[in-house]
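A structural walkthrough
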Amino acid sequence: MSEEPSPPDSLQVAPTGPAPSTSPGSAPAALPAGSMSGPAITVPGPVSPAPPAASSRLSFTASLVLGSAAWLPGRVVQGPLDRIRLLRAFEQRELQYGARKKTFVGVLRAIWADFGPLGLWRGALLPASRAIPLSGLNFAFWELGRPDPRRPDSKIANDTLQRDIQSLQAGGIAGLASMAIVYPRLAAATGVYQPGSERLGRSASALIALAWKKGGASLLYKGMPLAALRSAVYRAHFFGLYDIIQARAPWAPSFASNLLAGICAHAAGTLLAHPLHVLRVRVSLGSALGQAVRDLLWKERARAIYRGWAPGLIAAPAAGIVLAVYDAARAYYLRG
């Protein structure tokens, strides 16, 4: 009798036993090594997606509060400079300090001698009722549209041009929106002013009500288009260039670098928006808009367009401090 032939060596016998079962979300199943069912087999399970990165953007309320508070340190720096500048401008008509007021140092010495060191900040907080809400609204609206490239899933994370455009756009919208909200208060304060009236003793609501009774909406929004356009141009470069400088700087962000970026952004915004400021002043003094534009562009030209630009640059250190303080408070708030 012949023996049965043995199976060839290349023949592979499939493992027997129940097939490993997997369910969605379950861990990979494996058969134990050395069992009768064959060698260990690993079945890959589904890969769960990574959680989205947390946003680094503040809420509207938080940025409103931080932006309002950031105005105060800047005002502490800017107050003495504004006071000295005003005293030099009105020295002949108001204060009678004589020859000692001819220079910046002379005015500083005169204030120190007559009022002491605190005299440098005398009246520095008078614009707080309108400046603090305006500062808070500017930062709040800017935060809503500010690019957030630190998120990996952001569409602008790797698009530098789109990020720069969004930075400028967010600043411009912030300037428009905040000026549209605050402007009726500013117009009411000047529109109802009459010599001898107790204008400074009135509340904002009383001023707006009196202006509405006196001239209606035309008085409250008189001159607003030029003011809003000037605010949009300035804020687009103030906020936009600040973000652009930060994104492209080769150094890590710090208080000093933010201060420097804020100074540069304010200087650029002031120079670009100053022609609109000159045009607005001319229109407010009674000139027609078309005539004022023709006079500035074709008759007086650059000499008139940039007349008086230097005082605006005096506020550059204060503007840099405001941005640096805001970003420092923002980072602290997000860490907490």
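Structure: above.
Residues numbered from 1 in each chain as written. Predicted model: local features only at pLDDT ≥ 70, side-chain atom pairs only at ≥ 80, totals over all residues. Heavy atoms only, no water.

What to know about the overall build of the chain
To keep it simple, the criterion reads: Strands here are runs of E lasting at least two residues and helices are runs of H or I lasting at least four, both read from the DSSP assignment and numbered beginning at the N terminus. We call a residue buried when its accessible area falls under 20% of the maximum for its residue type, exposed when it is over 50%, and partly exposed in between, using a 1.4 Å probe and counting protein chains only. Using a 1.4 Å probe, the Shrake-Rupley method yields the accessible areas, and only the shown protein chains count as cover for residues.
Secondary structure assignment for the chain yields 13 helices and 0 strands. Scanning the chain from its N terminus toward the C terminus, one meets helices and strands in the order α-α-α-α-α-α-α-α-α-α-α-α-α. The buried share among the 336 residues of the chain stands at 35%. Surface exposure of the chain reaches about 20,500 Å², of which carbon and sulfur atoms provide 64%.

Overview of the pattern of salt bridges
Where we set the bar: Definition used for salt bridges: Asp or Glu carboxyl oxygen within 4 Å of a side-chain nitrogen of Lys or Arg.
All chains considered together, the criterion is met by 5 salt bridges. A salt bridge links Arg-146 to Asp-243, with the shortest nitrogen-to-oxygen separation between them at 3.0 Å. One end of the pair, Arg-146, is in the loop between α4 (128-145) and α5 (160-191); the other, Asp-243, is in helix α8 (residues 224-248), and 97 residues separate them in sequence. In this structure, Arg-146 and Asp-243 share a single accessibility class: buried.

A few points about the packing of aromatic side chains
Put simply, the rule reads: The pairing test for Phe, Tyr and Trp rings, Trp by its six-membered ring, is centres within 6.5 Å, and the orientation test on the planes gives stacked under 30 degrees, edge-to-face over 60, and tilted for anything in between. As a reminder, the over-ring test applies to NZ of lysine and CZ of arginine, requiring each to be within 6 Å of the ring centre and within 35 degrees of the ring normal.
Applying the stated rule across the entire model yields 9 aromatic pairs. When the centroid spacing of 6.1 Å and the interplanar angle of 45° are considered together, the rings of Trp-142 and Tyr-326 count as tilted. Here the residue Trp-142 occupies a position in helix α4, and Tyr-326 occupies one in helix α13 (residues 316-335), the gap between them amounting to 184 residues. The class of Tyr-326 is buried, set by a relative accessible area of 0%. On the numbers, 5.4 Å between centres and 10° between planes, the contact of Tyr-234 with Phe-238 is stacked. A residue pair is termed a helical-turn pair when its members lie 3 or 4 positions apart in one helix, as Tyr-234 and Phe-238 do in helix α8 at 4 residues. Here Tyr-234 matches Phe-238 in class, with each residue buried. The structure contains a cluster of three or more aromatic residues connected by ring pairs, namely Phe-139, Trp-142, Tyr-234, Phe-238, Phe-239, Tyr-242 and Tyr-326. A cation over an aromatic ring shows up here: Arg-230 above the ring of Tyr-234, its NZ or CZ 5.3 Å from the ring centre.

Digging into α13
In plain terms, the rule: Each residue after the first adds 1.5 Å to the expected span of a helix.
With 20 residues, α13 should reach 28 Å at 1.5 Å per residue; the first-to-last C-alpha distance of 29 Å fits that figure. For α13, every residue scored as buried is listed here: Ala-316, Ala-318, Ala-319, Gly-320, Ile-321, Val-322, Leu-323, Ala-324, Tyr-326, Asp-327 and Arg-330.

Comments concerning the side chain of Ser-135
The condition that has to hold: It only takes one pair of heavy atoms within 4.5 Å for two residues to be counted as in contact.
Checked against the element boundaries, Ser-135 lands in helix α4. Every residue in contact with Ser-135, bar those within four places of it in the chain, is listed here: Gly-67 and Trp-71.

Things to note about the packing of helix α9 (residues 255-284) against α13
Cut-off, in case you're wondering: Geometry is summarised by axes, namely lines fitted to C-alpha atoms with helices restricted to the contacting stretch, and by angles between N-to-C directions that run from 0 to 180 degrees. Angular relationships are summarised with four words: roughly parallel below 35 degrees, roughly antiparallel beyond 145, roughly perpendicular across 65 to 115, and oblique for the angles in between. We call a crossing left-handed when the near helix sits turned anticlockwise from the far one by less than a right angle, and right-handed when that turn is clockwise. Side-chain classes follow a simple rule in which Ala, Val, Leu, Ile, Met, Phe, Trp, Tyr, Cys and Pro form the nonpolar group, Asp, Glu, Lys and Arg form the charged group, and the remainder, Gly included, forms the polar group.
For the pair α9 and α13, the least separation of the axes is 7 Å and the interaxial angle reads 135°. It follows that α9 is oblique to α13 by the angle criterion. For α9 against α13, the interelement crossing comes out right-handed. Taken together, the residues of α13 that come into contact with α9 (itself represented by Phe-255, Asn-258, Leu-259, Gly-262, Ile-263 and His-266) are Ala-316, Pro-317, Ala-319, Gly-320, Ile-321, Leu-323, Ala-324, Val-325, Asp-327 and Ala-328. Along the lines of polarity and charge, the residues of the contact of α9 with α13 split into 11 nonpolar, 4 polar and 1 charged.

Some points on the environment of Thr-160
Position of Thr-160 relative to the elements: it lies in helix α5. Residue classification places Thr-160 among the partly exposed positions, given a relative accessible area of 33%. Sequence separation between Thr-160 and Ala-247 is 87 residues, and the spatial gap between their C-alpha atoms is 8.9 Å.

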